Amino acid sequence: MTDQRAPENSPGGTMEAVVNLCKRRGFIFPSAEIYGGFRSTYDYGPLGVLMLRNVKDAWWRSMVQMRHDVVGLDAAILSSPKIWAASGHLENFTDPLVDCKSCKERSRLDQLETCLVTEDLLKTWSKKGWKGLEKINLGDQVPVCSSCGSPDLTEARAFNLMFKTFVGPMEESGAEAYLRPETAQGMFVNFSNILNTSRKRPPFGIAQTGKSFRNEITPGNFVFRTREFEQMELEFFVPPAESDRWFEYWLKERFDWYLNLGIPEESIRLRHHDSQELSHYSAGTCDVEFLYPWGWGELEGIANRTDYDLTQHSKFSGEKLEYFDQQSGERYTPHVIEPAAGATRAMMAFLLSAYAQDEVGGETRTVLRLDPRLAPYKVAVLPLSKKEPLIDLSNRVFDLLKVRYMCDYDETQSIGRRYRRQDEIGTPVCVTVDFDSLDDESVTIRSRDTTDQVRVPIGELLSLLGDKLGF
Ligand code: ATP
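The present account deals with the structure reproduced in this document. It should be emphasised that the depicted structure is a prediction, and the values quoted were computed from it without experimental measurement. (Residues numbered from 1 in each chain as written. Predicted model: local features only at pLDDT ≥ 70, side-chain atom pairs only at ≥ 80, totals over all residues. Heavy atoms only, no water.)

1. So, the site of the ligand
Surrounding the ligand, one finds 16 residues, the nearest of these being Arg214, Glu216, Arg225, Thr226 and Glu298. Between the ligand and Glu216, the relevant distance is 2.8 Å, taken from a nitrogen atom to a side-chain nitrogen or oxygen of the residue. Within the side chain of Glu298, a nitrogen or oxygen atom sits 2.6 Å from an oxygen atom of the ligand. Relative to its unbound accessible surface of 590 Å², the ligand loses 82% to contact with the protein. Structurally, the ligand is housed in the largest pocket. Elements supplying a minimum of two residues to the shell around the ligand: strand E13 (228-238), strand E16 (295-306) and strand E19 (335-342). In terms of residue count, the dominant contributor to the shell around the ligand is E16 (four residues). (Near = heavy atom within 4 Å. Polar contact = N/O pair within 3.5 Å; in protein donor to acceptor, adjacent residues only side chain to side chain. Areas by Shrake-Rupley, 256 points an atom, 1.4 Å probe, with all protein chains shown as cover. 1 Å grid on protein atoms, 1.4 Å probe; cavity = no way out; pocket = protein on both sides within 12 Å on 5 of 7 lines; lining within 4 Å. Sits in = over half its atoms within 2 Å of the grid points. Helix = DSSP H or I, 4+ residues; strand = E, 2+ residues; numbered from the N terminus.)

2. Focus: the side chain of Arg108
Of note, Arg108 is situated in strand E6 (residues 106-108). In this view, Arg108 contacts Asp95, Pro96, Glu216, Ile217, Thr218 and Arg225; residues no more than four positions away in its chain are not counted. (Contact = heavy atoms within 4.5 Å.)

3. Side note on the nonpolar core
Among the nonpolar cores identified, the biggest contains 59 residues, and Phe27, Trp257, Tyr258 and Phe350 are the most heavily contacted of them. Excluding residues that lie within four positions of it along the chain, Trp257 makes contacts with Val55, Ala58, Trp59, Ser62, Met232 and Phe350. Core analysis: the next-biggest nonpolar cluster, separate from the first, contains 19 residues, Val381, Leu393, Val397 and Val456 among them. (Core = buried A, V, L, I, M, F, W, Y, C linked by side-chain atoms within 4.5 Å. Buried < 20%, exposed > 50% of the residue type's maximum accessible area, 1.4 Å probe, protein only.)

4. Digging into the pairing of strand E5 (residues 94-99)
Taken together, the four bridges between E5 and strand E9 (residues 157-160) define a ladder with antiparallel strand orientation. Each residue of the ladder has a partner; that of Pro96, found in E9, is Ala158. Relative to E6, E5 runs antiparallel, the two sharing three bridges. Across the sheet, Leu97 pairs through a bridge with Arg108, a residue of E6. What sits between E5 and E6 in their antiparallel hairpin is a turn of six residues, with Lys104 showing a positive phi close to 75°. (Pairing = 2+ DSSP bridges.)

In structure tokens form, the structure reads like this:
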């Protein structure tokens, strides 16, 4: 991957720096690396699995635990073709696919660069022997192949992004199934189940995190766009007349969530879709965008899906998916506001934002200034030496802390190098056990961000850490 420098006003790390750190420290590895990798798939290593879980937990806490109007769901990934026929995915979940006739590169038409056709350009293209030039007019903007620059492309054809598979031992049409391309439909098809069992009434929401699969034509930019990824989605069912209000409400809630977890204000914005960009089901969509090293791009989409999904599933299944309000005697199909985020994409944005380099003791250090809630380890317990009495005491300290916090324990290398390692993986606090600790039952706690060190009694450690970390 080329080093895509962060735009000047974008704080944080470059892609190259973050990708390297992820590999070197065990956040994210290219999948099947010993076989040369496998098509833009990634494995989350010991630190990545912790951080991704923290991202999802932070989302779940804010979207489910802290509210009384949202319940959770974990629906099946393997799903019936009937769901996707009703939702419109079988027909509409497509990207325009083109092939370059010169170098055979396959691309998404809407992601190709376009260029203004000049006489000089036509001459250069004909020198290269590229065909199809007679169809191109001077002064037109034409798309060109991103690999070789040729404008000689095939007509665009609709390519469905869903992964099809077969259930059971027969590969026949009756056994077809799809890997879900979004978690959302699981919430719609369970609408009645949840309404009947949870005692919720509109406005209320169903939340879900989990894997989704899309056969993206051009995956890339590390985990920004992959074929297998994790989503965090909420379907919030509201009385139709309240949909505009709730749409605005969720824009603010979701924007603030990212700010609160450390995305800098200058790296995040809301962008409303114009009418041409809107999906077939949407009465209004707004993206939360992040300033990636290559420019602004989607982090999360918030859509007013109206009653499209419930109406479609009613039509296709024959089941009424409505709400009967006993107080008003009114029966209606709720409208849906959907904040749909990517967990893996959000993790990348948090990593890019947190990456920093500063100087400590005359040396450059790399530090991930992650919010403590997202940091893989909250605390690292570091005995100053491997000598027996220190190890015993350090294990006692680890046992005390592990009940509340995900802790690392590291007894090798010099203490300076161990601090650097913890800084680089974003651990907010190190607890160092030294020989004085044996006498005074105290330890040193060191802050990642300031590198300040203070001596504290082991008995007060938990409450001091609680103050420092905020939980
Ligand atoms: P994009 O325009 O980037 O393809 P989208 O508008 O199709 O995204 P949605 O269907 O709204 O995406 O999905 C909600 C969220 O899921 C996105 O905002 C993104 O964070 C995440 N997401 C979607 N596709 C991918 C992917 N291929 N890889 C990683 N995350 C993804």
